[in-house]
Amino acid sequence: MKRKDSEPEAKCSVEITLGLIDGKWKGVILFHLQEGLLRFGELRRKMPRITQRMLTKQLRALEEDGLITRTVYPEVPPRVEYALSPTGQRLRPVIDALRAWGIEHKARLEAAGAASQKPKIPRKRAA
C-alpha cells in the first residue's frame, strides 16, 4: 500500500523495494502470479493458510502499488482475474532470488537439524 509519508528520494532503494513486498503474503502472491492470470479462488487454494480478508487486503495493496492488475468481468457471478503488471513483471528476478535462497536455506537448516540429532536408543520398559 502506498504510504502517506513515502518520499522515494529520501529512502534507501532497498527500503523502497521491501516496502512494496513487505509482510508475509505479498511475495507469495507475486510468486504465484508468475504462473499467469489467477482468480481469487485459485490464489486462495494455492495459499491455504491465508484468510480471505488478508488475501483481499494484500491484493488491494499490490494493485494500489501498481504491481498487479485486477480485471473484473461483468458476469454473474462476477469473475475477477489478477495478473502481474509490467512493474510486477520486473520483480520476477527478485522473487526468483528469494525463492532460490529459501530453498537453499531450508536445506541447510534440515542438514544442520539432522546432524545434531542423536540416534535414539530404545529403552526397555519395566514389566
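These notes cover the structure that comes with them. (Residues numbered from 1 in each chain as written. Predicted model: local features only at pLDDT ≥ 70, side-chain atom pairs only at ≥ 80, totals over all residues. Heavy atoms only, no water.)

Considering the overall build of the protein
The following threshold applies: Helix and strand assignments come from DSSP, with helices taken as H or I runs of at least 4 residues and strands as E runs of at least 2, each series counted from the N terminus. Categorising residues by exposure relies on relative accessible area from a 1.4 Å probe, with only protein chains included: less than 20% of the type maximum marks a residue as buried, more than 50% marks it as exposed, and the intermediate range marks it as partly exposed. In what follows, a contact means two residues having at least one pair of non-hydrogen atoms within 4.5 Å. Each accessible area is a Shrake-Rupley estimate made with a 1.4 Å probe; only the visible protein chains count as cover when residues are assessed.
Broken down by element type, the protein carries 6 helices and 3 strands. Mapped from its N terminus to its C terminus, the protein presents α and β elements in the order α-α-β-α-α-β-β-α-α. The burial tally for the protein puts 24% of its 127 residues in the buried class. Sequence separation of 24 or more characterises 50% of the internal contacts of the protein that already satisfy a separation of 6 or more. Accessible area for the protein stands at about 9,700 Å²; split by element, carbon and sulfur atoms hold 57% of it.

Quick look at the layout of surface pockets
Under the convention used in this document: Only protein atoms enter the 1 Å grid used here, on which a cavity is any set of points holding a 1.4 Å probe that cannot leave and a pocket is any open set flanked by protein within 12 Å on both sides along at least five of seven lines; residues with an atom within 4 Å of a point are listed as lining. Grid points are joined across faces, edges and corners, and a volume is the space filled by probe spheres set on the points. Residues are grouped as follows: Ala, Val, Leu, Ile, Met, Phe, Trp, Tyr, Cys and Pro are nonpolar; Asp, Glu, Lys and Arg are charged; every other residue, Gly included, is polar.
Taken as a whole, the largest pocket encloses approximately 340 Å³ of empty space. Lining the largest pocket are Ile-21, Gly-23, Lys-24, Trp-25, Gly-27, Val-28, Phe-31, Ile-95, Leu-98 and Arg-99. Looking at the lining of the largest pocket, the elements that each hand over two or more residues are α2 (26–33) and α6 (92–116). Split by residue class, the lining of the largest pocket holds 6 nonpolar, 2 polar and 2 charged.

Some details on the nonpolar core
Inside soluble globular proteins, nonpolar side chains tend to come together where they are buried. To keep it simple, the criterion reads: As used in this record, nonpolar core signifies buried Ala, Val, Leu, Ile, Met, Phe, Trp, Tyr and Cys residues forming a set joined through side-chain atoms within 4.5 Å.
Ranked by internal contacts, the top residues of the largest apolar core, which has 19 residues, are Ile-29, Leu-30, Leu-33 and Ile-68. Contributing elements (two or more residues each) for this core: α2, α4 (52–64) and β3 (79–84). If sequence neighbours within four positions are ignored, Ile-68 has contacts with Leu-30, Leu-33, Leu-59, Leu-62, Glu-63, Tyr-82, Ala-83, Leu-84 and Ser-85.

Considerations on the packing of α2 against α4
Using the following cut-off: For helices, the axis comes from a line fit to the C-alpha atoms of the stretch in contact; other axes are also lines fit to C-alpha atoms, and the angle between any two N-to-C directions lies between 0 and 180 degrees. Angles below 35 degrees are treated as roughly parallel, those above 145 as roughly antiparallel, those between 65 and 115 as roughly perpendicular, and all remaining angles as oblique.
For the pair α2 and α4, interaxial distance at closest approach is 10 Å and the crossing angle is 75°. By the criterion of interaxial angle, the relationship of α2 to α4 is roughly perpendicular. Residues Lys-26, Ile-29 and Leu-30 of α2 form the contact with α4, whose own contacting residues are Leu-55, Gln-58, Leu-59, Ala-61 and Leu-62. Here the residues of the contact of α2 with α4 sort into 6 nonpolar, 1 polar and 1 charged.

Quick look at the pairing of strand β2 (residues 68–73)
What counts here: Pairing between strands requires that DSSP locate at least two bridges from one strand to the other.
Examined bridge by bridge, β2 and β3 share 6 bridges and lie antiparallel to one another. Considered in β3, the bridge of Arg-70 is made with Tyr-82. Linkage of β2 to β3, two consecutive antiparallel strands, is achieved through a turn of 5 residues.

Notes on the pattern of salt bridges
Heads up, the condition is: For salt bridges, the criterion is a side-chain nitrogen of Lys or Arg within 4 Å of an Asp or Glu carboxyl oxygen.
With the rule as written, the count across this model stands at 4 salt bridges. As a salt-bridge pair, Glu-81 and Arg-79 come within 3.1 Å of each other at their nearest N and O atoms. By relative accessible area, Glu-81 is classed as buried at 11%. Members of the salt-bridge network, linked through shared partners, are Glu-75, Arg-79 and Glu-81.

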